[in-house]
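In case you want the letters, here they are:
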Amino acid sequence: MKAGKSISVAVKIIIAVVVFALLAGIVGLAHRLTNGFSTPIKNFYLQCGEQVITRDTELYVCLDKPLVIEPKYMLDKMNSATG
């Protein structure tokens, strides 16, 4: 009986840890998508070549190459950029 009880307690502890990790992940994702909970959740980001443009990104413009900045949608794959 005692071994069955300890396994049950161990399973409950593991489930609690997994649930806590999932909740922490959801809060972390919301923190990232809202810029530290200071803005609404964004549904797109900008990308220049292979580089994601953030607040701290430095872009250099070459006169002989076109500058291509693409909006990439995070939440809705069916959305398309217009304008």
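Definitions and limits used
- Residues numbered from 1 in each chain as written.
- Predicted model: local features only at pLDDT ≥ 70, side-chain atom pairs only at ≥ 80, totals over all residues.
- Heavy atoms only, no water.
- Helix = DSSP H or I, 4+ residues; strand = E, 2+ residues; numbered from the N terminus.
- Buried < 20%, exposed > 50% of the residue type's maximum accessible area, 1.4 Å probe, protein only.
- Contact = heavy atoms within 4.5 Å.
- Areas by Shrake-Rupley, 256 points an atom, 1.4 Å probe, with all protein chains shown as cover.
- Patch = residues over 30% accessible without salt bridge, like charges linked within 9 Å, V, L, I, M, F, W, Y side chains within 5 Å.
- Salt bridge = Lys/Arg side-chain N within 4 Å of Asp/Glu carboxyl O.
- Pairing = 2+ DSSP bridges.
- Axes fitted to C-alpha atoms, helices over the stretch in contact; angles between N-to-C directions.
- pLDDT = per-residue confidence, 0-100.

Asks: Before we move on, can you summarise the overall build of the protein chain with the specific residues and values?
Replies: Scanning the protein chain for helices and strands turns up one helix and three strands. Burial status across the protein chain gives 6% buried among its 83 residues. For the protein chain, the proportion of contacts with a sequence separation of at least 24, taken over those separated by at least 6, is 38%. On the protein chain, roughly 7500 Å² of surface is accessible, and the fraction owed to carbon and sulfur atoms is 66%.

Asks: Explain a nonpolar patch on the surface to me, using residue names and the numbers behind them.
Replies: Taken together, the side chains of Ile7, Val11, Ile15, Val19, Leu23 and Ile26 make up a nonpolar region of the molecular surface, amounting to roughly 570 Å² of accessible area. Along the polypeptide, Leu23 turns up in helix H1 (residues 2-33).

Asks: Lay out the sheet that holds strand S1 (residues 44-48) with the relevant residues and their values.
Replies: Reading across the sheet, the three strands line up as S2-S1-S3 and stay open at both edges, with antiparallel pairing between neighbours. Bordering the open sheet on either side are strand S2 (51-53) and strand S3 (69-73), each of which pairs with just one other strand. Averaged over neighbouring strand pairs, the angle between their axes works out to 40 degrees when direction is ignored. Bridging between S1 and S2 involves three bridges; their strand directions are antiparallel.

Asks: Tell me about the pairing of S1, residues and numbers included.
Replies: Regular strands have side chains that alternate between both faces of the sheet. As paired strands, S1 and S3 are joined by five bridges and run antiparallel to one another. Its bridge partner being in S3, Phe44 is matched across the sheet by Tyr73. Between the antiparallel neighbours S1 and S2 lie two residues, among them Gly49 with a positive phi of about 70 degrees.

Asks: Requested: an account of the side chain of Gln47, with residues and values cited.
Replies: Secondary-structure assignment places Gln47 in strand S1. Of the residues examined, Gln47 reaches a relative accessible area of 12% and is grouped as buried. With near-sequence residues (within four places) excluded, Gln47 lies in contact with Val52, Ile53, Val68, Ile69, Glu70 and Lys72.

Asks: Tell me about the confidence of the model for the protein chain, residues and numbers included.
Replies: The share of residues in the protein chain with pLDDT of 70 or more is 83%, and the mean pLDDT across the chain is 78. Within the protein chain, no element has a lower average pLDDT than S2, which sits at 77, and none a higher one than H1, at 89. Note on residues 77-83: pLDDT under 50 across the span, and five contacts to partners over four residues away in sequence or across chains.

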